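Residues per chain are reported as follows:
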Amino acid sequence: MADITGDQRIQSEVLEGLATAVNHRRWFVELALPYLGDNPIEVGSGLGDYALEWAEHLPRFTATEADPDRLVQLKERLADHPSIDVRELLLPATETEGNYSAAVSYNVLEHIEDHVGALRSMAELVRPGGRVILIVPAFMFAMSRVDIATGHIRRYTKKTMRAAMTEAGLEIEKLHYANALGLIGYYGATSIFKLAPKEGPMVKVYDSLVLPLTKAAETVVRPPFGQSVFVVARTPR
């Protein structure tokens, strides 16, 4: 089993702050939704914000968390949602259930030292021909003290993500950057002004005014850079 990296208190503060970025979350919910199938598992559900939105569209959903304290919070929050199962999961793992339609994981892989092993573990949770769907932070130049405090070991490019997926034996179906203006804003906030992306006026203004324009533009043209890398890969049939 891998260690959980980063300060869990700071991680929770950042998660709580980003929970207010409703438009951002809904955009990223929409990105994964066509590939989830009928019974996906989320690796690293945090406080359950994505799980709640995805589960509205699916007959069954499994949310997981590695941190024991956050797992308790997750179970409490999702207790009134019978279509959502909640379980503990830490990757890389040795189990090979293979009965989920997809494994989706947002902003988790960058915390794991053996990220190729983690990808193989995700693939083993999925049926043959199912999908592994990820969002990870992009570009090492944007690595800030916020990244380090929250346990980020790396940030990705399309090239490094492709290499990790290939080494894990997965076939990439979709790979692109997302949220170009978000990368500029994140770099300015965390590297220049030394701020953390917590709840506040800056997050609200960005989410309500800037992000809808970014989403609309990127629906037409994929940008050559972004705050995140989005990838969908198929498991071997």
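Residues numbered from 1 in each chain as written. Predicted model: local features only at pLDDT ≥ 70, side-chain atom pairs only at ≥ 80, totals over all residues. Heavy atoms only, no water.

- Per an unreviewed UniProt entry, the recorded name for the protein is Methyltransferase domain-containing protein, and the organism is Mangrovihabitans endophyticus.

1. Overview of unusual backbone geometry
Then, number 1: Even without being a glycine, F139 presents a positive backbone phi close to 70°.
Then, number 2: Structurally, F139 can be placed in the loop between β5 (126-137) and α6 (145-149).
Then, number 3: On the accessibility criterion, F139 (16% relative accessible area) is buried.
Then, number 4: The backbone of N179 shows a phi angle near 70°, a positive value even though the residue is not glycine.
Then, number 5: A residue is classified by how much of its surface remains accessible, and N179, at 0% relative accessible area, is buried. (Helix = DSSP H or I, 4+ residues; strand = E, 2+ residues; numbered from the N terminus. Buried < 20%, exposed > 50% of the residue type's maximum accessible area, 1.4 Å probe, protein only.)

2. Re a nonpolar patch on the surface
Then, number 1: A surface patch of nonpolar side chains, about 630 Å² in accessible area, is lined by F141, Y187, I192, F193, L195 and M202.
Then, number 2: Of note, M202 is situated in helix α9 (residues 201-220).
Then, number 3: Judged by its relative accessible area of 46%, M202 is partly exposed. (Patch = residues over 30% accessible without salt bridge, like charges linked within 9 Å, V, L, I, M, F, W, Y side chains within 5 Å. Areas by Shrake-Rupley, 256 points an atom, 1.4 Å probe, with all protein chains shown as cover. Salt bridge = Lys/Arg side-chain N within 4 Å of Asp/Glu carboxyl O.)

3. Comments concerning the sheet that holds strand β6 (residues 171-178)
Then, number 1: Read across the sheet, seven strands follow the order β3-β2-β1-β4-β5-β7-β6 without closing on themselves; strand pairing throughout is mixed. On the outer flanks of this sheet lie β3 (84-88) and β6, each paired with one strand and no other.
Then, number 2: As judged from the six bridges shared by strand β4 (residues 100-106) and β5, these two strands associate in the parallel manner. Across the sheet, S105 pairs through a bridge with L134, a residue of β5. (Pairing = 2+ DSSP bridges.)

4. Some thoughts on the pattern of salt bridges
Then, number 1: By the definition in use, this model includes nine salt bridges.
Then, number 2: In this structure, the salt-bridge partner of R25 is E53, at a minimum N-O distance of 2.9 Å. Placement of R25 in helix α2 (residues 22-32) and of E53 in helix α3 (residues 49-55) is noted, with a sequence separation of 28 residues between them.
Then, number 3: Of the charged contacts, one joins K215 and E30 as a salt bridge, the two residues approaching to 2.8 Å between their closest N and O atoms. You can see K215 sitting in helix α9 and its partner E30 sitting in helix α2, a full 185 residues away along the chain.
Then, number 4: Classification of E30 as partly exposed rests on a relative accessible area of 42%.
Then, number 5: Salt bridges linked by common partners bring R131, E173 and R234 together as one network.

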